[in-house]
Amino acid sequence: MESGPAIFAGTAFALFGVALLLWTGARVLHRAPVAHGVNPATAATLATIFGAVFLVLGVWCFSRV
């Protein structure tokens with residue numbers, strides 16, 4: 001019963017992290033801007049870092065189950 005919220009949070013974080021990494025990779029591959037009005041290198045770097053952080057956070061939630 002107590003593992004339900006951890007599973008939900010882990011799934012949400014992991015899906016968001018993977019989606020952000022895939023989206024950022026696709027934008028960089030097509031040389032499209034990751035964020036409008038921001039330096040492309042900075043936007044891609046920050047999006048990759050945050051995608052990885054959310055993915056790790058999701059894995060951490062799953063380890064608490």
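This text goes with the structure placed above it.
Small disclaimer: the values here were computed from a predicted structure and weren't measured. (Residues numbered from 1 in each chain as written. Predicted model: local features only at pLDDT ≥ 70, side-chain atom pairs only at ≥ 80, totals over all residues. Heavy atoms only, no water.)

### Some remarks on the overall build of the protein chain
Put simply, the rule reads: Comment: elements are numbered from the N terminus, with helices defined as DSSP H or I runs of at least four residues and strands as E runs of at least two. Only the C-alpha atoms count toward the radius of gyration. The rule for a globule is 2.2 Å times the residue count to the power 0.38. The cut-offs for exposure are 20% and 50% of the maximum accessible area for each residue type, with area from a 1.4 Å probe on protein chains only; residues under the lower value are buried, those over the upper are exposed, and the others partly exposed.
Looking only at helices and strands, one finds two helices and zero strands in the protein chain. Taking 65 residues into account, the globule formula puts the C-alpha radius of gyration at 11 Å, and the protein chain, at 14 Å, lies well above it. Here the C-alpha coordinates of the protein chain stretch approximately 45 × 15 × 15 Å along the principal axes. Scored against the burial criterion, the 65 residues of the protein chain give a buried share of 20%.

### A closer look at the environment of His36
In this fold, His36 is placed in the loop between helix H1 (3-29) and helix H2 (40-63). Among the residues examined, His36 registers a relative accessible area of 69% and is labelled exposed. Linking His36 and Leu22, residues 14 residues apart in sequence, is a C-alpha distance of 18 Å.

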